[in-house]
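Residue strings, one per chain:
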Amino acid sequence: MGTTDPRPAGARGSCAPARTAARGIPNGTSAAPYRDRTRGDPVPRPPRTATLFHDVRPFGGPPRDLIAVDGGLVSEVPEGAAVERVDGHGRLALPTLVDAHIHPDKTAWGEPWHSRRPAHGIAEYVAGDVELARALPTPVAERALRLMSHAAAQGTRAMRAHADVAPAYGLSGIEGVAEAARRLAGIVDVELVAFPQHGVVRTPGVTELLAEAAASGLVTHIGGIDPAGFDADGDHEGDQLGTVFGLAEKHGLGLDVHLHDRGEQGLAPLRDIAARTRALGLQGRVNVGHAFAVAALSDRELDEVADLLAESGVSLTTVALSATTILPFRRLAERGVLVGLGSDGVRDSWSPFGNADMLHRSWLAAWALDARLDEELEGCFRLAADGGAELLGLPRADLRPGSPADFMLVDGECLPQAVVDLPRRDLVVRAGRVVARDGRLV
């Protein structure tokens, strides 16, 4: 669990791309000359560059080449292009993944071991968050960068990161994660959520801080948490949703509300969220994380809720905590509900577990569902690859011409085996550029 260097420094090591010519055209050969803007003299046009990943097996199929140009995959090397060649040595090529729910501001990843105390309920966990934040010697920006760099080196191409906004921290969490995201630009895409972990109704000052975060230009989403259970104040449990929906509408932001409450206490806010989303025209911009109440529904009840969410354009995220809390994502998808997969907390005050490795999170989803068939194992991988991409508005990285050149190379026979074996990420490619080798950024 060492600290990774987040600064891309070009290709290094034995797999460094070797520069060759494309289709027999010598290196440096230019297309038609163009003129210097200041003098009008003809000067050589820089050759277009293609990166050819030779001898790779997309999804375990027959060996072939993947060709990346301008960040995307193409079917052949453009005429006149200079080629950078990377030999895949027959390794399995898989899309890189999307973490749809992670809390980088809370992490103690790479810090001295922190012994956790018993906690019962969100309020006690929140108190533990504050205690740990005060005890850690490392600023949020550095801790978040360390964790997010590790995630990228394990094959995460994008994430939705939640950062706590509360009087105990001010906007330091938002600012720290935003700084980490800035330093990882071009390696991992980051959506940032101003998350009221301490509650909006129950904690004075949070509303004002959320408004400040919404106006800061740093966040893409406003968060919410359990308006009926944790963040209720007598008969005013709906005030939180009114606040966060109002901020989202005013500032043109998305919403990501976490619902841990089960039974009707969790379902009633979910219906409210769906109704508000339709009324404000926010379809496709509202997500509910965890949604444990949905995980417990029977077939008929599940279908009714799924139809409501699909009609309202409300998506869901699950974090595969257990067999009783993981969402039935395949059935939800059949009813038109978009579902993504996330890491949640990583080695924070809530839990010593978590590693921000989305391939491992796919393994956890498969384990929670007792997956045995190849299609079930692949479905858990697709949840992290395709579900997460769609949730964040990204194109699928399906390794076909026209898709983003975002993939990883691993030893293995096929995709289901990779989910089970969790092979080392030998090479991670983002927009056609090698960004990590052997689990570390380059």
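This text follows the structure it describes.
Residues numbered from 1 in each chain as written. Predicted model: local features only at pLDDT ≥ 70, side-chain atom pairs only at ≥ 80, totals over all residues. Heavy atoms only, no water.

Attention shifts here to the pattern of salt bridges. Enumeration over the complete set of coordinates arrives at 26 salt bridges. For Arg300, the salt bridge goes to Glu304, with nearest N and O atoms at 2.9 Å. Linking Arg300 with Glu304, this pair stays in helix H8 (residues 299-312), spanning 4 residues, or about one helical turn. Ionic pairing is found between Glu378 and Arg382, a salt bridge with its closest N-O pair at 3.4 Å. (Salt bridge = Lys/Arg side-chain N within 4 Å of Asp/Glu carboxyl O. Helix = DSSP H or I, 4+ residues; strand = E, 2+ residues; numbered from the N terminus.)

With 5 of 5 residues buried, strand E11 (residues 221-225) is to be regarded as a mostly interior element. Covered by surrounding structure in E11 are His221, Gly223 and Ile225 together with Ile222 and Gly224, the residues of both alternating faces. Direction of pairing for strand E10 (residues 189-195) relative to E11: parallel, over a ladder of 2 bridges. Bridge pairing in E11 links Val193 to His221. Between the parallel elements E10 and E11, the chain passes through helix H4 (residues 206-215) in a crossover that is right-handed. Bridge analysis of E11 against strand E12 (residues 254-259) gives 5 bridges, and the strand direction is parallel. Each bridged residue has a counterpart across the sheet, and for Ile222 the counterpart in E12 is Leu255. (Buried < 20%, exposed > 50% of the residue type's maximum accessible area, 1.4 Å probe, protein only. Pairing = 2+ DSSP bridges. Right-handed = clockwise from strand over helix to strand, strands pointing away.)

Under the definition given, this model contains 2 aromatic pairs. On the basis of an interplanar angle of 85° and a centroid distance of 5.0 Å, the ring pair of Phe53 and Phe407 is categorised as edge-to-face. Taken together, the residues Phe53 in strand E4 (residues 49-58) and Phe407 in strand E16 (residues 407-410) connect sequence positions 354 residues apart. Judged by its relative accessible area of 0%, Phe53 falls in the buried class. Looking at Phe407, the relative accessible area reads 0%, which means it is buried. An angle of 10° between the planes, with centres 4.5 Å apart, marks the rings of Tyr125 and Trp350 as stacked. In this pair, Tyr125 sits in helix H1 (residues 122-135) while Trp350 sits in the loop between strand E15 (339-341) and helix H10 (358-368), placing the two residues 225 residues apart along the sequence. Positioned above the aromatic ring of Trp113, the side-chain terminus of Arg116 is 5.2 Å from the ring centre. (Phe/Tyr/Trp six-rings, centres within 6.5 Å; stacked < 30°, edge-to-face > 60°. Lys NZ or Arg CZ within 6 Å of the ring centre and 35° of its normal.)

Time to look at unusual backbone geometry. Phi is positive for Asp344, which is not a glycine, with a value near 65°. By secondary structure assignment, the location of Asp344 is in the loop between E15 and H10. Using a relative accessible area of 16% as the deciding quantity, one classes Asp344 as buried.

All right, on to helix H2 (residues 140-153) then. Between its first and last C-alpha, H2 extends 20 Å over 14 residues, near the 20 Å set by a 1.5 Å rise per residue. Burial within H2 is extensive, with 12 of its 14 residues counted as buried. Of the positions making up H2, those classed as buried are Val140, Arg143, Ala144, Leu145, Arg146, Leu147, Met148, Ser149, His150, Ala151, Ala152 and Ala153. The first or second residue beyond H2 is Gly155, which carries a positive phi of 110°. (Expected span 1.5 Å × (residues − 1).)

Counting residues in each nonpolar core, the largest one holds 94 residues, and the members touching the most others are Leu210, Ile222, Leu316, Leu332 and Phe381. Examining the composition of this core, we find that 8 residues originate from one element, H2, more than from any other. In this structure, Leu332 is in contact with Val294, Leu302, Ala306, Leu316, Leu327, Val337 and Val339, ignoring residues within four places of it in sequence. Of all hydrophobic cores here, the second largest spans 14 residues; its members include Leu399, Phe407, Leu409 and Val434. (Core = buried A, V, L, I, M, F, W, Y, C linked by side-chain atoms within 4.5 Å. Contact = heavy atoms within 4.5 Å.)

Taken as a whole, this structure holds 1 cavity of 30 Å³ or more when the rule is applied. Empty space within the largest cavity amounts to approximately 40 Å³. Every residue along the wall of the largest cavity is listed here: Leu259, Asp261, Gly266, Leu267, Leu270, Val288, Ala291, Phe292, Ala293 and Val294. Only helix H6 (264-280) and helix H7 (292-295) provide two or more residues apiece to the lining of the largest cavity. (1 Å grid on protein atoms, 1.4 Å probe; cavity = no way out; pocket = protein on both sides within 12 Å on 5 of 7 lines; lining within 4 Å. Points joined across faces, edges and corners; volume = space filled by probe spheres on them.)

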